[in-house]
Amino acid sequence: MTGEPQADCLFCKIVAKEVPATVVRESETTLAFRDINPQAPTHVLVIPKVHHPDAASLAAAEPAIAADVLREAGEVAVQEGLDSYRTVFNTGSGAGQTVFHAHAHVLGGRGLQWPPG
Ligand code: 5GP
Ligand code: ZN
């Protein structure tokens, strides 16, 4: 059921501390940790602790927690000393989503091209 921990979900396992991660921030509803394969000098993932498959599903089911993810993404940027950064939600495999537990990528620390690839 959506919202409940999923046994086969990597990010649910990180929330449960069954898989280690380099955590940079934690709130009651969110966790922020460094991406294992960083695409920029700062590359942090911000996830809701509850399981939803993507950002839109999260926002539809639990809008307050979606707002928590956005706020925490901004707090990560402040904590990492970023004055410019990009927040990305890949949705669907065609857009590069590989983990189907909602997450924001916070990318910064280098020039970021627009439009992205
Ligand atoms: P997506 O491709 O779904 O938008 O983002 C998933 C992200 O999770 C990728 O950037 C990938 O590098 C990261 N990732 C995959 N496995 C792990 C892991 O075990 N630990 C951490 N910290 N990040 C991971
Ligand atoms: Zn999950």
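Nothing here was measured: the structure is a model prediction, and the numbers come from that model. Numbering of residues begins from 1 in every chain and follows the order in which that chain's sequence is written. Chain A is the first chain written and ligand 1 is the first ligand written, with later ones labelled in order. Local features in this predicted model are restricted to residues whose pLDDT is 70 or higher, and side-chain atom pairs enter the listing and the counts only when it is 80 or higher, whereas totals over whole chains, interfaces and linings include all residues. Only hydrogens and water are removed before side-chain values are computed, so all heavy atoms of the structure are retained for them.

Ligating atoms shown are N, O and S within 2.8 Å of the metal, or 3.2 Å for Na, K and Ca, and water is not included, meaning a site may look less than complete. Protein coordination at the zinc ion (ligand 2): the donors are Cys9 (SG), Cys12 (SG), His51 (ND1) and His101 (ND1), at 2.1 to 2.3 Å from the metal. Given four donor atoms and angles of 107 to 115° at the metal, the environment of the zinc ion (ligand 2) is assigned as tetrahedral. Look at where the donors of the zinc ion (ligand 2) fall in the sequence and you get C-x2-C-x38-H-x49-H. Of this pair, Cys9 sits in the segment before α1 (10-15) while His51 sits in the loop between β3 (42-48) and α2 (55-61), placing them 42 residues apart in sequence. In short, tetrahedral needs four donors with all angles between 85 and 135 degrees, square planar needs four and octahedral six donors with opposite donors over 155 degrees apart and all other angles between 65 and 115, and whatever is left is irregular. For helices the rule is a DSSP run of H or I covering at least 4 residues; for strands it is a run of E covering at least 2, with both sets numbered from the N terminus onward.

With respect to spatial proximity, 15 residues lie near ligand 1, and among them Arg34, Asp35, Gly96, Thr98 and His105 are the closest. Pairs of N or O atoms are called polar contacts if they sit within 3.5 Å, as long as, within protein, a hydrogen donor faces a hydrogen acceptor (for residues adjacent in sequence, only side-chain-to-side-chain pairs). One of the backbone N or O atoms of Val99 is found 3.0 Å from an oxygen atom in ligand 1. In this structure, an oxygen atom belonging to ligand 1 sits 2.8 Å away from a side-chain N or O atom of His105. Put simply, the parts of the chain that give the shell around ligand 1 at least two residues each are α1 and β2 (30-34). Any residue outside Ala, Val, Leu, Ile, Met, Phe, Trp, Tyr, Cys, Pro, Asp, Glu, Lys and Arg is labelled polar, Gly included; the first ten of those are nonpolar and the last four are charged. Along the lines of polarity and charge, the residues of the shell around ligand 1 split into six nonpolar, seven polar and two charged. When at least one non-hydrogen atom of a residue lies within 4 Å of a molecule or strand, that residue is treated as near it.

Let's shift gears to the side chain of Asp35. With respect to the element layout, Asp35 can be found in the loop between β2 and β3. The buried charged residue Asp35 lacks any salt bridge, with Arg34 as its nearest oppositely charged partner at 11 Å. Among the polar contacts made by the side chain of Asp35, one reaches the main-chain amide nitrogen of Asn37 at a distance of 2.8 Å. Residue exposure (1.4 Å probe, protein chains only): buried if accessible area is under 20% of the type maximum, exposed if over 50%, otherwise partly exposed. The convention is simple: Lys and Arg are positive, Asp and Glu are negative, and His and the chain ends are not counted. Salt bridge, as applied in this entry: a Lys or Arg side-chain nitrogen positioned within 4 Å of an Asp or Glu carboxyl oxygen.

Bringing the environment of Leu107 into the picture now. Within the secondary structure, Leu107 sits in strand β5 (residues 104-108). Measuring from C-alpha to C-alpha, the distance between Leu107 and Tyr85 comes to 5.5 Å, with 22 residues separating the pair along the chain.

So, about the pairing of β5. Within a regular beta strand, the side chains point alternately toward one face of the sheet and then the other, so they alternate between its two faces. Most of β5 is tucked away: five of the five residues are buried. Where burial is concerned, the two faces of β5 agree: the one with Ala104, Val106 and Gly108 and the one with His105 and Leu107 are both buried. Where β3 lies against β5, five bridges are found, and the strand directions are antiparallel. Across the sheet, residue Val44 finds its bridge partner in β5, namely Val106. One requirement defines pairing of two strands: DSSP has to find at least two bridges between them. Of the pairings in the sheet, the one linking strand β4 (residues 85-88) to β5 comprises four bridges and is antiparallel in character. Pairing of Tyr85 across the sheet is with Gly108, part of β5.

For the rest of this paragraph, the subject is the environment of Val23. Structurally, Val23 can be placed in strand β1 (residues 23-26). Put simply, Val23 and Phe33 are 10 residues apart on the chain and 4.1 Å apart in space, counted from C-alpha to C-alpha. Contacts between residues were defined by any pair of non-hydrogen atoms, one from each residue, lying within 4.5 Å. With residues up to four places along the chain from it excluded, the contact list for Val23 reads Leu31, Ala32 and Phe33.

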